[in-house]
Amino acid sequence: MTTARPRLNRKVRLRLDRRTGRYMLLYPERGLELNETALEIARFCTGEWTVDDIVQHLARAFHDASLLEIKRDTRHFLDTLAERGLLQG
Amino acid sequence: MNGEYRPYTFIAELTYQCPLRCPYCSNPLDYTHQRDEIDTDTWLRVFQEAEALGVVQLNLTGGEPLLRNDLERLIEGASKLELYTNLITSGIPLTFERLARFRALGLNSVQVSIQSTKPTESDRIAGAPSFHRKLDVMQWVRSLDIPLTMNVVLHRDNIGETAALIALAENVSADRLELANAQYLGWALRNRAALLPTREQLGRARAIAADARERLRGRMEVVFVTPDYYSAFPKSCMDGWGRRFIVVNPEGLALPCHLAQTLPGLHFDNVRQRSVEDIWHHSSGFNQFRGEGWLPDPCRTCDRRTKDFGGCRCQAFHVTGNAGATDPTCSLSPAHGRIESARSQASHVAGAPVLFEYRTGRGFARA
């Protein structure tokens, strides 16, 4: 799992929500609002980076969080994406 | 107005004209009485105003949106606004080249409707030869790598094909399958006796769809929309009146749903005269059923009022005669007996053919 290279499905578009200043993932008929951590993860879902790479990036970006928390959040968010069919299969 | 009322999805009904004549069409019964369709520049301005108000999803629909020869410009304009643009279509009339242009201009997804897995049956329900072309179009969509939704409106004559419909969607590699039971309003209400399935039919189809949803999870999204005639409680129609959706019809009327203009005594405004923002916040029609002040009994004190907002206003009016009544599909509605009798009629006529009254009018003849 940690060497997998997640990639957003081609139907997904990332855009800024100008009303809230947050980013959202859009796909047919739906949208998913992203918090700061989720946005960082989504940005790395290009197929080039492994889950380990993403965790390391987040650890650098968010000093306050423990590695354990970061791993858990990353796994949880990637599961959410997969569940909704938002990762390339 | 607070964030509770923010439009996320804009439904642009570009025309009421359509080469098909489906007996459950969501357009109003008197769709041929419309005035002129609004022009390209008005649509482009309206998209811009809607995006500024918070809209992120745009559905280009109709009628048949392909009949607008400015569809290219509308897609291009929507794409510049970063709207996630969905084309909702029968696929007719279309060429591969035009579809490729749409993609190049930024179209995000295509939804093609199918009436049945059997060619002659699909053509009978659509009221026009169309099945084979629809299959072609779905293949074009996939070959251009555009995300594809296959949509099927379910009713008594095709709900038994649920397994075959799922297989067809897999076969064309759809990203998403919408198995949506007809909403019994407009043409579908007129044809209710021919369309409403029995409880047994519905139960079987729902179980098949639930299995497929698990099996295909992560590969193809399978959406099954139950008819509210068989639910204990109503749907939160449009996620609540004037909360998440704006519909603009071909002549420019801005509405909370496809049929809101059929409710008597309500006033709706036209985007030719007022901005989308002004209409969203101040139009009396949009404000009529917002909040809780208007809620009837038994909704007023019901715990579900924050989930379903009293249900569908059009259903309330077209079944009970009062747009402000509790949606009669709710088992707590005093008018629920009318829904029960429609269900009981469905079980009596099950198996017996009932003729459709096809959607007709000069809109079709011109197309």
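Computed from a prediction, not measured in an experiment: that's the story for all the values here.

About the criteria used
- Residues numbered from 1 in each chain as written.
- Chains lettered and ligands numbered in written order.
- Predicted model: local features only at pLDDT ≥ 70, side-chain atom pairs only at ≥ 80, totals over all residues.
- Pairing = 2+ DSSP bridges.
- Helix = DSSP H or I, 4+ residues; strand = E, 2+ residues; numbered from the N terminus.
- Core = buried A, V, L, I, M, F, W, Y, C linked by C-beta atoms within 7 Å.
- Buried ≥ 20, exposed ≤ 12 C-beta atoms within 10 Å, placed from the backbone.
- Contact = placed C-beta atoms within 7 Å.
- Axes fitted to C-alpha atoms, helices over the stretch in contact; angles between N-to-C directions.
- Nonpolar A, V, L, I, M, F, W, Y, C, P; charged D, E, K, R; others polar.
- Parallel < 35°, antiparallel > 145°, perpendicular 65-115°, else oblique.
- Left-handed = near helix turned anticlockwise from the far one by under 90°.

Caption draft 1: Representation of the pairing of strand S2 (residues 22-27) of chain A in the model. Residues and elements named next belong to chain A. Relative to S2, strand S1 (residues 13-17) runs antiparallel, the two sharing 5 bridges. Along S2, the bridge assignment pairs Arg13 with Leu26. Counted along the chain from S1 to the antiparallel partner S2, the turn is 4 residues long, and its residue Gly21 has a positive phi close to 80 degrees. Examined bridge by bridge, S2 and strand S3 (residues 30-33) share 4 bridges and lie antiparallel to one another. Its bridge partner being in S3, Leu25 is matched across the sheet by Leu32. Linking S2 to S3, which pair antiparallel, is a turn of 2 residues; within it Glu29 sits at a positive phi near 70 degrees.

Caption draft 2: Representation of the nonpolar core within the structure. Formed by 124 residues in total, the largest nonpolar core has its most connected members in Leu58, Val141, Met150 and Ile246 of chain B. Sequence-distant contacts of Met150 of chain B, defined by excluding residues within four places in its chain, comprise Val112, Ile114, Met138, Ala169, Val172, Ala174 and Leu177 of chain B.

Caption draft 3: A look at the sheet that holds strand S6 (residues 176-181) of chain B. All names here are of chain B. Spatial strand order, S7-S6-S5-S4-S3-S2-S1-S8-S9: 9 strands in an open sheet with mixed pairing. In this open sheet, the two edge strands, each paired with only one partner strand, are strand S7 (221-225) and strand S9 (254-255). Both strand S5 (residues 148-154) and S6 contribute to a ladder of 6 bridges, which runs parallel. Counterpart to Asn151 in the pairing with S6 is Glu178. In the packing of helix H5 (residues 131-143) onto the sheet, contacts are made with strand S4 (109-113) and S5, and the angle to S4 comes to roughly 165 degrees.

Caption draft 4: View of the interface of chain A and chain B. Residue-level contacts link 14 residues of chain A with 19 residues of chain B. Breaking the side of chain A that touches chain B down by element, the ones donating at least two residues are S1, S2 and helix H3 (67-83) of chain A. Class assignment for the residues of the side of chain A that touches chain B results in 4 nonpolar, 3 polar and 7 charged.

Caption draft 5: Quick peek at the packing of helix H1 (residues 36-43) of chain A against helix H2 (residues 51-61) of chain A. All names here are of chain A. Following both chains from N to C, one finds H1 and H2 inclined at 140 degrees, their axes separated by 10 Å at the closest point. In terms of their interaxial angle, H1 and H2 are classed as oblique. Along this stretch, H1 crosses H2, giving a crossing that reads as right-handed. Taken together, the residues of H2 that come into contact with H1 (itself represented by Thr37, Glu40 and Ile41) are Ile54, His57, Leu58 and Ala61. A class-by-class count of the residues in the contact of H1 with H2 yields 4 nonpolar, 2 polar and 1 charged.

Caption draft 6: Geometry of the sheet that holds S1 of chain A. Residue and element names in this part refer to chain A. Taken together, the 3 strands give an open sheet; going across it, the order is S1-S2-S3, and neighbouring strands pair in antiparallel fashion. Across the chains shown, the open sheet's two edge strands, defined by having one partner strand only, are S1 and S3. Mean inter-strand twist for the sheet, computed between neighbouring axes without regard to direction, equals 30 degrees.

Caption draft 7: Representation of the environment of Ala316 of chain B within the structure. All names here are of chain B. Among the secondary structure elements, Ala316 is positioned in helix H13 (residues 313-320). Linking Ala316 and Thr329, residues 13 residues apart in sequence, is a C-alpha distance of 8.6 Å. Not counting chain neighbours up to four residues away, the residues in contact with Ala316 comprise Gly311, Asn322, Ala323, Ala325, Thr326, Asp327 and Pro328.

Caption draft 8: Spotlight on the environment of Cys18 of chain B. Residues and elements named next belong to chain B. Here Cys18 shows up in the loop between strand S1 (9-13) and helix H1 (40-53). The class of Cys18 is buried, set by 26 C-beta atoms lying within 10 Å. Separated by 47 residues in sequence, Cys18 and Pro65 place their C-alpha atoms 8.3 Å apart.

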